[in-house]
Structures are given as structure tokens and as C-alpha cells.
Amino acid sequence: MLFEEESKIFKNEDMLSPEYLPEVLPHRENQIKQLADNLLPASKGRKPINTFIHGPPGIGKTASARYVFRELENYSGIKTIYINCWDHNTSLAILSKIVSDFGMFVQRRGWAKDEVISRLTEVLEKSKKSLLICLDEVDQLIYKDQKVLYDLLRLNQYVKNPIGMIFISNNPHAFAGLENRIISSLGMDEIEFKSYTLQEMKNILQERSSYGFRSVEEGVVALACAHALNKGGDVRIGLESLLKAGRLAERDASDKVKVEHVKKVLKDVKETKPQILKENITDVEKLILEIVDKNKITFDDLYEEYSKSVEKPLTKRMFREYVNHLNEINLVKIGQRKSDRSRFISKV
Ligand SMILES: Nc1ncnc2c1ncn2[C@@H]1O[C@H](COP(=O)(O)OP(=O)(O)OP(=O)(O)O)[C@@H](O)[C@H]1O
Ligand SMILES: [Mg+2]
């Protein structure tokens, strides 16, 4: 047979894909409301409040920002532009992307930044729309080419259109390296996204599973959920476990997704983000990971070992910030020993 019969397993496979943006995002109502409130002045031609969203991987930061953008575009005629700074990490690339999202031709080579900026002011003046820009994974930009922030702030002086920005990062200190002058002119509100609890993760995966599958055995979602939490709490891991289990069930010609299918695929579902993150952390953080890699270690011992291996060690207080950051992005775990209540740091 050339064409497959309708799937017995999947109702809609796409709904289990990490790229799919659901109609509702359970347990993110408060963050979505705060973000929408910050941006909403733009719909009345007033200046929105720039917002910095941060938190560990796979907990709905990008999804919430895209959700709010979708609603605002649909209901208020604001222009929204989403940019992932992994893909566009120079000032010129980002400005060009904004211009081309307005439907204007951008010559790939040969345009200087000032030329792009003047096209952009032209296009903004003509459209009179408010503009919201989301710079996702903004730490990529801050490491490589922070000029875009200056350029975007400068636009505010040239055009009357209200311009607002969302910045997203795993790193709550992503802006720490910037000049205070820039940070204060960004006038940012902050929204911290916290990891989902077990029950929240269950509800989310249950909902995605009910959109995606026709029928699942009891325990399937719970197992995918446990795996996602064991691996650091990234919803994508839960979704991928479900998706892979579904495909296996289909290959087995099963009538539903079963717990045994999930069990078989779990070893193939790994975190992808930590690998990417590891390549982009600071040298101090790399060193911390090297030391922690070998054994569980108390904070004081870690600091001592670190101090021995560098010429000019950071103060303990600064050092603690880095360890906390690694903990926040799930590259190390901080625990407390029961016997003497001392804190120890271990590998995830
Ligand atoms: N509350 C939720 N309801 C439904 N799906 C969710 C929810 N939170 C996250 N997801 C899904 O989990 C996946 C990962 O979410 P998202 O891409 O927003 O993570 P993130 O916080 O931006 O992670 P990262 O820091 O790695 O970029 C997406 O498929 C998203 O749709
Ligand atoms: Mg994201």
C-alpha cells in the first residue's frame, strides 16, 4: 500500500513536537499576565515596559513570550518580531532581520549598519505601528556583540513608534557585564520563571498527550514526567519521551501507547540544552564544573580548590554567584548534608 492508513496511535503528532505552540499554557498564567501587562501600553501607542525573563531550560519561557506575541498581533495590530540570538548574533544581523520582517528587501552583503538603521527608521515612520522585539537567548548577544542594545535604544530617539523589548536567558545575570548606564536606560522589569513541580509537569504533559495521542495506557504520562524531572525539569524531555514512545507503539502495531514503550525509549532521550550551555559558560564556571565533576564537594572545599588553581581568585561572595548560576541552569546540584547541614555541590 502506498499511503499509510490513518494512525491508530497519533491523533495529531505535531502537538507533541517542542516547536508546537499550544492554545493554552497551564501554570504560566501569572507570568503571561505580567508580561502582557508590561507590553500592553504599546497597543495604545504608549511606551511598553521592557522585560527580562529568566529561568532554567525547558520551562515555557520562549513559549510564553511567543504566546503573548501571538495574542498581541492578533488582537491589537502591534508588530512583533521574535529573534533567537543563536541564529542572529551580531548587531547587523539583528537589525537586518527586523527590516526584512517588515517585508522590506535587505541586500545580504554590502549594507552597512547605518544604512540598515536608516531603512528601519523609514519603515517604522511609514507603518506608525508599535514594535515589540523579543531577543531570545540574549546572553549570546551580550557575549558577542552588545552594540545591538545601543542601536535599538537609539531607534527610540529617532522614531515616534513605541518600541518594547523582551529579553530571555537561562542566566539571571546575563546583563551583569553591561555598563550600568545601558542597564538603567533599558528600564527593565524582571520575570523569574521557576521549575515546574511534579504535579505541574504532569498536568502539562497530560494535556499535550491528550492532544497528540488517541489512547495511552495509565502510567505513560507519569513515567515521561518522572524522566523529565530526573533530567532537570525540561518539558521537552517529557515531550520527546512521549513522541518516541508513540512512534515505537506504531512500529509495534500496538493499539495504544504503553508503559513498556516509554521504558524502552527513555535511554535515548537525553538533555540537549546542557551541552549547548556548557559550551557557553564563563571560564570560572568551566573550572567549577571540572572540579565538581570528580566528586561531591562542600562549598568551602570547592572554593579552596578553585582558589589554588587560579592566580587571582574571585571573592567567595562572587564565586558563590557563579555556583548558584550553574545550579540555576542545572549543570550542578546544590544539596545539604543531613549530619552537619553543610552545603555540598555535585554533578547533575
Ligand atoms: N505550561 C506549558 N504548557 C504546555 N507546554 C509547555 C508549557 N511549558 C513549556 N511547554 C512546552 O515545553 C517545551 C519547551 O518550552 P520552551 O521552549 O518555552 O522552554 P524555554 O523555557 O524557552 O527553554 P530554554 O531555556 O531551553 O529555551 C515547548 O514545547 C513548550 O511548548
Ligand atoms: Mg527558549
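Source: prediction; values computed, not measured. (Residues numbered from 1 in each chain as written. Chains lettered and ligands numbered in written order. Predicted model: local features only at pLDDT ≥ 70, side-chain atom pairs only at ≥ 80, totals over all residues. Heavy atoms only, no water.)

**Side note on the overall build of the protein chain**
Phase 1: Counting its regular elements, the protein chain contains 15 helices and eight strands.
Phase 2: Oriented by its inertia axes, the alpha-carbon framework of the protein chain measures out at about 65 × 60 × 40 Å.
Phase 3: Counting across all 348 residues of the protein chain, residues that qualify as buried make up 47%.
Phase 4: For the protein chain, long-range pairs separated by at least 24 residues make up 70% of all intrachain contacts whose partners lie at least 6 apart in sequence.
Phase 5: Just so you have it, the protein chain exposes about 18,400 Å², and 48% of that area is on carbon and sulfur atoms.
Phase 6: Averaging the locations of the 55 positively and 51 negatively charged side chains of the protein chain gives two centres separated by 1 Å. (Helix = DSSP H or I, 4+ residues; strand = E, 2+ residues; numbered from the N terminus. Buried < 20%, exposed > 50% of the residue type's maximum accessible area, 1.4 Å probe, protein only. Contact = heavy atoms within 4.5 Å. Areas by Shrake-Rupley, 256 points an atom, 1.4 Å probe, with all protein chains shown as cover. Lys, Arg positive; Asp, Glu negative; His and termini not counted. Charge placed at Lys NZ, Arg CZ, Asp CG, Glu CD.)

**So, the sheet that holds strand 1 (residues 51-54)**
Phase 1: With respect to topology, five strands assemble into an open sheet ordered 2-3-4-1-5, the strand pairing being parallel. A single partner strand is all that each edge strand has here, and the edge strands are strand 2 (79-84) and strand 5 (189-192). With strand direction ignored, the average angle separating the axes of adjacent strands in the sheet is 15 degrees.
Phase 2: One ladder, built from five bridges, connects strand 3 (residues 131-136) with strand 4 (residues 163-169); its direction is parallel. When the bridges of strand 4 are listed, L132 appears paired with G164.
Phase 3: Packing against the sheet, helix 6 (residues 147-158) makes contact with strand 3 and strand 4, and its axis sits at approximately 160 degrees to strand 4. (Pairing = 2+ DSSP bridges. Axes fitted to C-alpha atoms, helices over the stretch in contact; angles between N-to-C directions.)

**Things to note about the domain arrangement of the protein chain**
Phase 1: Assigned domains within the protein chain: domain 1 (29-192), domain 2 (196-271) and domain 3 (281-347).
Phase 2: Summarising the inter-unit geometry, the C-alpha centres of domain 1 and domain 2 are found 34 Å apart.
Phase 3: Across the interface of domain 1 and domain 2, roughly 320 Å² is buried in total on both sides, 47% from carbon and sulfur atoms.
Phase 4: On the domain 1 side of the contact with domain 2, P57, G58 and I59 bury the most area, a combined 94% of that side's loss.
Phase 5: Taken together, the connections running from domain 1 to domain 2 amount to zero salt bridges.
Phase 6: Run the count over domain 1 and domain 2 and you get two residue pairs in polar contact (both at pLDDT 80 or more).
Phase 7: Residues belonging to the side of domain 1 that touches domain 2 are distributed by class as follows: two nonpolar, two polar and no charged. (Domains from an automatic or database assignment. Buried area = accessible area lost by both parts, 1.4 Å probe. Salt bridge = Lys/Arg side-chain N within 4 Å of Asp/Glu carboxyl O. Polar contact = N/O pair within 3.5 Å; in protein donor to acceptor, adjacent residues only side chain to side chain. Nonpolar A, V, L, I, M, F, W, Y, C, P; charged D, E, K, R; others polar.)

**As for the pairing of strand 1**
Phase 1: Burial along strand 1 is two-sided: T51 and I53 facing one way and F52 and H54 facing the other are all buried.
Phase 2: Two elements, strand 1 and strand 4, share four bridges in a ladder whose sense is parallel. The residue bridging F52 from the neighbouring strand is F167, located in strand 4.

**Details of the nonpolar core**
Phase 1: Ranked by size, the top nonpolar core spans 48 residues in total, and within it L35, L39, I166 and L205 carry the most contacts.
Phase 2: If you list the elements that add at least two residues to this core, you get helix 1 (29-39), helix 2 (61-76), strand 3, strand 4, helix 8 (198-212), helix 9 (220-230), helix 10 (235-251) and helix 11 (259-265).
Phase 3: If you tally residues by element for this core, the top one is helix 10, at eight residues.
Phase 4: Setting aside its immediate chain neighbours within four residues, L35 contacts T51, I53, S64, A65, V68, I166 and I191.
Phase 5: Ranked by size, the runner-up nonpolar core spans 37 residues in total, among them M104, L152, F167 and F175. (Core = buried A, V, L, I, M, F, W, Y, C linked by side-chain atoms within 4.5 Å.)

**Section: the packing of helix 1 against helix 2**
Phase 1: The interhelical angle for the contact between helix 1 and helix 2, taken along N-to-C directions, is 50 degrees, at an axis separation of 10 Å. Viewed along their axes, helix 1 and helix 2 adopt a mutual orientation that is oblique. You can see that helix 1 and helix 2 cross each other, and the crossing is right-handed. Of the residues in helix 2, those in contact with I32, L35, A36 and L39 of helix 1 are S64, A65, Y67, V68, F69 and L72.
Phase 2: Here the contact of helix 1 with helix 2 is built from residues that sort into nine nonpolar, one polar and no charged. (Parallel < 35°, antiparallel > 145°, perpendicular 65-115°, else oblique. Left-handed = near helix turned anticlockwise from the far one by under 90°.)

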